[in-house]
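Residue-level structure breakdown
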Amino acid sequence: MTAIVSPPRSSLALAVADRGSAVLTVAEMVAAEQAIFDTGVSVDALMRRAGEGAGQMIWRIGGTTPTLVLCGPGNNGGDGYVIAEFLRAKGVRVTVAALSEPRTDAARNARARFCGEVVRFDEVEPATQVVDCLFGSGLTRPLDGAVWHRFAELVGQARRSFAIDLPSGADADRAVWLNEPLRFDHVLALGAWKYAHLLEPVASDCGALSLIEIGVDTEAARVRRIARPSIVAPDARSHKYRRGLVAVLVGAMPGAALLAAHAAQGAGAGYVKLIGEGDPPPQLPADIVWQRTDGAGSVAEALQDSRIGTVVVGPGLGRDDQARALLETALGCPHPLIVDADALHLLPGYFASLKGRGAPVLLTPHQGEFDVLAGETGADAINKVARAEALARTLDTFVLYKGADTVIAAPDGRAVIADRRYSWLSVAGTGDVLAGCMAARLAGHAQPFDAMTEAAWLHDRAARIAGPAFSALQLANALPRALETCLER
Ligand SMILES: NC(=O)C1=CN([C@@H]2O[C@H](COP(=O)(O)OP(=O)(O)OC[C@H]3O[C@@H](n4cnc5c(N)ncnc54)[C@H](O)[C@@H]3O)[C@@H](O)[C@H]2O)[C@@H](O)CC1
Ligand SMILES: [K+]
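Conventions used here
- Residues numbered from 1 in each chain as written.
- Chains lettered and ligands numbered in written order.
- Predicted model: local features only at pLDDT ≥ 70, side-chain atom pairs only at ≥ 80, totals over all residues.
- Heavy atoms only, no water.
- Donors = N, O, S within 2.8 Å, 3.2 Å for Na, K, Ca; no water.
- Helix = DSSP H or I, 4+ residues; strand = E, 2+ residues; numbered from the N terminus.
- Buried < 20%, exposed > 50% of the residue type's maximum accessible area, 1.4 Å probe, protein only.
- Phe/Tyr/Trp six-rings, centres within 6.5 Å; stacked < 30°, edge-to-face > 60°.
- Core = buried A, V, L, I, M, F, W, Y, C linked by side-chain atoms within 4.5 Å.
- Domains from an automatic or database assignment.
- Contact = heavy atoms within 4.5 Å.

Brief notes about the coordination of the potassium ion (ligand 2)
Donor atoms from the polypeptide that coordinate the potassium ion (ligand 2) comprise Asn76 (OD1), Asp132 (O), Phe135 (O), Ile164 (O) and Leu166 (O), at 2.5 to 3.0 Å from the metal. In terms of primary sequence, the donors binding the potassium ion (ligand 2) are separated according to N-x55-D-x2-F-x28-I-x1-L. Of this pair, Asn76 sits in helix α3 (residues 75-89) while Asp132 is found in strand β5 (residues 129-133), placing the two residues 56 residues apart along the sequence. Take Asp132: its relative accessible area is 0%, and that puts it in the buried class.

Right under this line is the structure:
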């Protein structure tokens, strides 16, 4: 067996990237707030910080629009009284509708400081602008039917709606609606993102998201919202192998493998080759190398090339015996491996090969493929991130769980949520492009988690650049322009 020498890295390497802002569970948020109180800040002072931050944002967006603030019994309602007083002092015509008397000391104090009018919730008239401070992270059950009905009417009839911290009715950790879904124009998250802001089905009902800083320390958070990666251009010492050699295995449908290869080129790989049986497909462009093989033994031999940075198996692979043989060979090769599409359906037969494999394996399932892989794994998980984490841990692989809310999870517990994917991505072949894009990034710097995050970002950015109704090839062709937006200056 040929000795494996890692290819030299670093041309399109990672720069010091923005880690993205933190995503916290309610329990983590409570602990983070407690840490602030432990420094001597009072609950009242933190509520003022939160309410005035949110008030400032509403003032910037809504100006003097007459405003109805809906206040619940807890500290979310307390925020509402702070916001109402802030806007009133700016000269905005503000009414507060209270669901009940405040039940916490901080909310009672905020209520006492509000100098405007407070009316009963069940008697209030619709307004041009509505601010929802009924419930935040303390919501434990669905809203009472009559309350929800009136609430939905007030939000629906307003020209502009804001939800403070969370839309009332949304479960923060599970990211589900406890009542019927309700759409807001703006959601102002306090201190950190919660899962409901970024995971479907709640995320896309949140409209424009803003994060109001209140001074919570989120440094140690394991889960983050995706942020624009920072990518370094090739330097003077760069050459094609240093940029990264990507090998894509070709199965029954070479078109999909070709798309992945195009995408790898567009995302910065220095050298891309297809490895397949017999003659190359007629549509093979001149700038993609075809490495002809003759049976599984010769594929294994081709994959011994120590210059290979990443192998891709799955796009257009098929699910027959030949496909199984290719997957088995790929799993046995010494390089980082991306397992995508058809190969994900075949993978449960090879879980044992994942354990102890020297080089990392990256899985890219959409929902159907995820179900095939996960089975009962993570059945009790609270949300999509926890499900992805459970699979990553169980199989000791990196997982990119696709969807409008794409989740990336590492076996060490790190996770990233790439929310609100551009909806025109829902077209055939975009998965092949994502796999190729990820392969290029991984071949360039050998960091699987970063490669997945960068690929998710570049894929979405390229789609927005390509505009509506693009083809998968047009998406791959837009990748260089997406890459340009991430280059370190
Ligand atoms: N902890 C803090 O010091 C801070 C909290 N802040 C705000 O406080 C919120 C959390 O406050 P709370 O923990 O008081 O929670 P909420 O204000 O979300 O509401 C909790 C109250 O509502 C009741 N409740 C829950 N679900 C209900 C339902 N479906 N129908 C009727 N009543 C229901 C609970 O029994 C409790 O009395 C955050 O979302 C944020 O807006 C901010 O002011 C920043 C500081
Ligand atoms: K709210």
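Here the narrative resumes, following the displayed structure.
Some words on the packing of aromatic side chains
Scanning all chains against the criterion turns up 2 aromatic pairs. Between Phe151 and Phe184, the aromatic rings sit 6.2 Å apart at their centres with planes inclined by 40°, giving tilted as the arrangement. Placement of Phe151 in helix α5 (residues 145-157) and of Phe184 in the loop between β8 (176-177) and β9 (186-190) is noted, with a sequence separation of 33 residues between them. Each member of the pair, Phe151 as well as Phe184, carries the same accessibility label: buried. Seen from their ring centres, Phe370 and Tyr401 are 3.8 Å apart, and the 0° between their planes marks the pair as stacked. In this pair, Phe370 is assigned in helix α13 (residues 367-374) and Tyr401 in strand β19 (residues 398-401), connecting sequence segments 31 residues apart.

Section: the nonpolar core
Ranked by size, the top nonpolar core spans 80 residues in total, and within it Phe151 and Val339 carry the most contacts. Element by element, the count of residues in this core is highest for α5, at 6 residues. Two domains share this core, each providing at least three of its residues, namely domain 1 (23-221) and domain 2 (240-484). Among residues more than four places away in sequence, those in contact with Phe151 are Leu70, Phe121, Asp132, Leu134, Leu143, Ser168, Leu182 and Phe184. If you look at the next biggest cluster of nonpolar residues, it comprises 56 residues, including Val248, Ala263, Cys437 and Ala439.

Shape descriptors only; they carry no functional weight alone.
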